Amino acid sequence: TQIKMLEERQRDLEKQILRLQERIDLNAQDFGTADLGPLHEAQLKRQGELDDEIARIEARLAGSPAPAPRAGGDTGAPRGAPAPPTADDIAAAGDLPMKNLLQQRMSLQVTLGALQAKGFGEQHLETLQTRSELTAVEDAISRYAQGWIPMETAGPAGGAPMTEEKLRERLAGLRKLSDAARRQVLAIGQKRMAIAALQREMDGLRATLGQTLTRLDVINVEAKAVKIIGGIEVYPPDRVPSEPNVDGRLKFGIAGFVLGGGFPVAVLAMLGLVDRRYRFSDEAREIGANMAMLGMLPNLPKDLSDPEQAAAVAHCVHQMRTLLQIGAAGRKVYAVTSPTAGDGKTSLSLSLGLSFAACGSRTLLIDFDMIGQGLSAALKIRPEHGLADMLTSGKVNGSIVPTRIENLSLLPTGRDDDRRVSHLSEALVRRFIASVQGDYDIVIIDTGPILGSLEANFVSAAADGVVLVVGRGQQRAYVQQAFEQLALLRAHVLGLVFNRASPMDFNRSATSTSFRSISRGRSSLPVPAAAACPPTEEMADMDPVSRTVALDIKR
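In this text, all values refer to a predicted model and were calculated from it rather than measured experimentally.

### Points about the pattern of salt bridges
So, step 1. Taken as a whole and judged by the stated rule, the model has 13 salt bridges.
So, step 2. Among the ionic pairs, Glu53 bridges to Arg170, the shortest N-O distance being 3.2 Å. Of this pair, Glu53 sits in helix α2 (residues 37-62) while Arg170 sits in helix α6 (residues 164-229); the two residues are 117 residues apart in sequence, bridging distant segments of the chain.
So, step 3. Assessed through its relative accessible area of 10%, Glu53 is described here as buried.
So, step 4. A relative accessible area of 13% means that Arg170 is categorised as buried.
So, step 5. Asp369 is the salt-bridge partner of Lys345, the closest N and O atoms lying 3.2 Å from each other. Taken together, the residues Lys345 in helix α10 (residues 345-358) and Asp369 in the loop between β3 (363-368) and α11 (374-378) connect sequence positions 24 residues apart.
So, step 6. The class of Lys345 is buried, set by a relative accessible area of 6%.

Quick look at the structure:
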């Protein structure tokens, strides 16, 4: 029976591994290889070169010295003479033959990377042929660039400097190429992270499959040994002794005690290795080792009635707000996100908004979670026209509404905003944020989860700072992917907030000493009974943390 169970487990693991491999192949089919690292680095380099050239042209148009390129040495041109145009310059000027040559070179480079990833050596026939074609294309690019002279700039001495009009046309072309390169970098990076996550999952399944096969081999060997021993006939002695020659009861008793005591420990250790979820705040900082821990929030009951616990929770939120004010001075637009839904990002966004408003800052809350729309639901503001209309029109038109909390306003999502997520773009989101931040001291944006949410990518890249919320019980792999995605977006992550923390976390925390008395269940000092105040109507749908902060600032 045990052998059948292991064999069934083996077949199930092999099917899972096969499905993961199919998903990896599906993600890699547009690039010809699953190893997207070299291609990603090449695209990043190309984007950097384009940005450098854009900066040089902008400096030339502004009349200031052009910045030096990021890499490379002397071009060999005489001092004061204009540098010869590069292949990218010629393509940016609208030259179709050069554009086609560059596309051929990129295609051959991708093909060569795919062959190397498959294990084809340098002497393999396909590798030699591809490399020969690549060399021929690069020679053609070099010859074409050397003989290229724009008709508009030709002169008796090899070409006069380009006019300001032509420089601006060239600048516009380079900007289009830079935007296309940036989109390509983002697309390759996302595919690269998806493939890496699938490969990590496959490695885990392969390790489990190896353990299963080992156990199956052991059981088969033991079964064969029992079968052999079972064929031996045993002849008993003439007289059976009434007592054993060696008393092994003490030995077996000690062994039973050790094994019996160690078995629960072994089971707990195994569960700890298998269950890759965060249980304590210290574990959540393992991936973001260099990241500040802004604070922790406890797991509160919905019917919180302990005034001491309520006061300590409000203090934790005010402490996070203080760290943002002091540590992130000069920043006023904060994006709050999480790896996946359910970590408590909306609760933290609302609580921080209440805390900033309480200290006198004119605060705007923006519900940019166009799918979940949790912030609008918590404050019971669900207009027909909201965020999406303001994004497209660029006008307020009454979309921003004041709340019953002094200094706190909300830009809610509209009823049909979830259908308009696909209309977002980086430029649109940046213009929108620039249009609203001038009227407020603080802008807090509640976005969707960073993994799988379109709007979270745009907002995290455009905000002054990002606060990442990780809930207790969150999968480690998702947190790792969230950090990688934020790094890819070049977002400025201000710190981490651990939500639904246990009393043990607060007992070990040096920054949350006000909460330690809660775990002991006693206190010698009276605490203001903020939790004893009856909640108002607008607080009815708030979560316990936000409702506690709202009651605290109304005292």
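After that view of the structure, there is still more to cover.
### Examining the pairing of strand β8 (residues 493-501)
So, step 1. β8 sits mainly inside the fold: seven of its nine residues count as buried.
So, step 2. As paired elements, strand β1 (residues 293-298) and β8 share four bridges and run parallel to each other. By the bridge assignment for β8, Met293 is matched with Leu496.
So, step 3. Where strand β7 (residues 465-471) and β8 come together, six bridges link them in parallel fashion. Paired with Leu468 across the bridge in β8 is Leu496.
So, step 4. Following the backbone out of β7, through helix α15 (residues 476-488) and into the adjacent parallel β8, one traces a crossover that is right-handed.

### Some remarks on the side chain of Glu455
So, step 1. With respect to the helices and strands, the residue Glu455 is situated in helix α14 (residues 454-462).
So, step 2. Buried within the structure, Glu455 lacks any salt-bridge partner; Lys345 is the closest side chain of opposite charge, at an N-O distance of 7.8 Å.
So, step 3. In contact with Glu455, not counting residues within four places along its chain, are Phe368, Asp369, Met370, Ile371, Val421, Leu424 and Gly448.

Definitions and cut-offs
Residues numbered from 1 in each chain as written. Predicted model: local features only at pLDDT ≥ 70, side-chain atom pairs only at ≥ 80, totals over all residues. Heavy atoms only, no water. Salt bridge = Lys/Arg side-chain N within 4 Å of Asp/Glu carboxyl O. Helix = DSSP H or I, 4+ residues; strand = E, 2+ residues; numbered from the N terminus. Buried < 20%, exposed > 50% of the residue type's maximum accessible area, 1.4 Å probe, protein only. Pairing = 2+ DSSP bridges. Right-handed = clockwise from strand over helix to strand, strands pointing away. Lys, Arg positive; Asp, Glu negative; His and termini not counted. Contact = heavy atoms within 4.5 Å.

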